[in-house]
Amino acid sequence: MKRFALLLLLPLLAQAQAQQGETAPELSVDEVRFTVANSEFTLMHEMGHLLISELQLPVLGREEDAADQLGFMGLFLLQQEQHRDDFYAKLMDVADYWRLEWQHAERDGSPVPVWDSHALDAQRFYNIACLAYGSDPDRLDWVLEVSGLPVERALYCPEEYEQAAHAVQWFREHFGRSDERPARHRIQVIYDTPPGHLPGGAELLEKIRASGELEAVAAKASDAFALPRDLTLRMSTCGAPDAWFNRISGELTLCYERIAYFRTLARELPKLRGGESPTPR
Ligand SMILES: [Zn+2]
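To keep things clear, this report deals only with the structure shown in the data block.

The rules behind each value
- Residues numbered from 1 in each chain as written.
- Predicted model: local features only at pLDDT ≥ 70, side-chain atom pairs only at ≥ 80, totals over all residues.
- Heavy atoms only, no water.
- Core = buried A, V, L, I, M, F, W, Y, C linked by side-chain atoms within 4.5 Å.
- Buried < 20%, exposed > 50% of the residue type's maximum accessible area, 1.4 Å probe, protein only.
- Contact = heavy atoms within 4.5 Å.
- Pairing = 2+ DSSP bridges.
- Helix = DSSP H or I, 4+ residues; strand = E, 2+ residues; numbered from the N terminus.
- Axes fitted to C-alpha atoms, helices over the stretch in contact; angles between N-to-C directions.
- Donors = N, O, S within 2.8 Å, 3.2 Å for Na, K, Ca; no water.
- 1 Å grid on protein atoms, 1.4 Å probe; cavity = no way out; pocket = protein on both sides within 12 Å on 5 of 7 lines; lining within 4 Å.
- Points joined across faces, edges and corners; volume = space filled by probe spheres on them.
- Nonpolar A, V, L, I, M, F, W, Y, C, P; charged D, E, K, R; others polar.
- Expected span 1.5 Å × (residues − 1).

## Examining the nonpolar core
Ranked by size, the top nonpolar core spans 72 residues in total, and within it Leu-50, Phe-72 and Ile-187 carry the most contacts. Aside from chain neighbours lying at most four places away, what touches Phe-72 is Phe-41, Leu-91, Ile-128, Leu-131, Ala-132 and Tyr-161.

The structure is reproduced here in structure tokens:
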């Protein structure tokens with residue numbers, strides 16, 4: 001099985017920040033973990049869209065919810081070498097990203113996009129917190145405490161997690177490649193030049209590339225599933241903190257601005273969490 005270089009990215013990002021001096025002050029360990037966790041979740045959510053589209057996976061309910069569940073379960077598939085407590089803190093980083101977006105919108109008085117194909121930010125926060133808690137309820141009582149997930153929902157979280165895990169297991173069995181020969185079609189990784197105005201952009205590119213994480217995810221998916229055509233995973237400059245999968249061109253785009261945006265949002269974590277790290281007690 002392919003080994004992932006996830007942990008590499010963490011210290012590398014921290015180092016990149018440290019070298020930037022005044023333009024981008026050094027991030028704390030929590031802030032780096034938040035940035036990496038949410039970048040990984042974004043990638044895995046879009047990989048979910050890619051698999052749904054390319055393998056024509058049956059989807060009941062909204063595709064965006066399915067992509068969130070696939071993204072969440074994808075983080076479990078990536079975690080193998082990571083320390084357990086730190087891993088759960090990463091899951092809460094992903095949940096807290098949605099809590100921050102929720103708070104921002106409330107503070108700004110932005111209209112709630114009830115028409116949107118995505119669940120509301122507040123719902124995505126509780127959905128992720130619920131899946132995290134449900135993955136190991138005996139050990140993760142603290143998740144209920146830090147997330148404020150009401151017991152009415154928490155009761156069913158183990159079932160929600162089991163359902164998502166079962167679905168992923170099922171589709172790996174039905175759509176997985178058992179062929180020992182090299183896959184006919186693969187996902188190639190392309191790095192565009194990051195935007196000049198992005199603080200530390202060039203260094204960000206260098207570190208992401210050095211981590212080998214995108215290549216590892218692309219290789220893992222290419223080996224695991226019989227993809228119907230060659231696909232592309234592109235780090236690009238988009239003009240917005242975005243990410244998407246284009247099902248016509250078969251290209252997954254992850255924007256440098258999105259990673260930079262996570263890095264900026266991470267600064268609000270201490271306020272969100274009352275100065276406490278989301279770690280088990
Ligand atoms: Zn999506």
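## Concerning the sheet that holds strand β2 (residues 231-236)
Hydrogen bonds along the backbone pair up the strands of a sheet, which may run parallel or antiparallel. What the four strands build is an open sheet, ordered β1-β2-β4-β3; its pairing is mixed. Bordering the open sheet on either side are β1 (187-191) and β3 (243-246), each of which pairs with just one other strand. For this sheet the average axis-to-axis angle between neighbouring strands, irrespective of direction, equals 15°. Strand direction decides the pairing type here: β2 and strand β4 (residues 251-255), joined by five bridges, are parallel. Paired with Arg-234 across the bridge in β4 is Thr-253. Sitting on the sheet, helix α2 (residues 29-54) touches β1, β2, β3 and β4, and the angle it makes with β3 is about 15°. Sheet strands touched by helix α10 (residues 213-224): β1, β2 and β4. Its angle to β1, the strand with the most contacts, is close to 165°.

## Concerning the coordination of the zinc ion
At this site the zinc ion is bound by His-45 (NE2), His-49 (NE2) and Glu-64 (OE), with donor distances of 2.0 to 2.1 Å. For the zinc ion, the donor residues sit on a single chain with the sequence spacing H-x3-H-x14-E. Placement of His-49 in helix α2 and of Glu-64 in helix α3 (residues 63-78) is noted, with a sequence separation of 15 residues between them. With a relative accessible area of 13%, Glu-64 lands in the buried category.

## Describing the layout of surface pockets
Approximately 670 Å³ is the volume attributed to the largest pocket. Along its surface, the largest pocket is lined by 32 residues, and Tyr-97, Trp-98, His-118, Asp-121 and Arg-124 are the ones closest to its centre. Among the secondary structure elements, those contributing two or more residues to the lining of the largest pocket are α2, α3, α4 (84-108), α5 (121-134), β3 and α11 (256-265). Top element by residues in the lining of the largest pocket is α4. It accounts for six residues. Tallied by class, the residues present in the lining of the largest pocket amount to 17 nonpolar, five polar and ten charged. Of all the elements in the fold, those that place two or more residues in the lining of the second largest pocket are α3 and α8 (157-175). Counting residues per element, the lining of the second largest pocket draws most heavily on α8, which supplies seven residues. Of the residues belonging to the lining of the second largest pocket, the class tally is 13 nonpolar, four polar and two charged.

## A few points about α5
Between its first and last C-alpha, α5 extends 20 Å over 14 residues, near the 20 Å set by a 1.5 Å rise per residue. Taken across its 14 residues, α5 has ten buried, putting it largely inside the fold. Among all positions of α5, only Ala-122, Arg-124, Phe-125, Ile-128, Ala-129, Cys-130, Leu-131, Ala-132, Tyr-133 and Gly-134 are buried. Its buried side turned inward, α5 meets α2, α3, α4, α6 (141-147), α7 (151-154) and α8.

Structural measurements only, silent on function.
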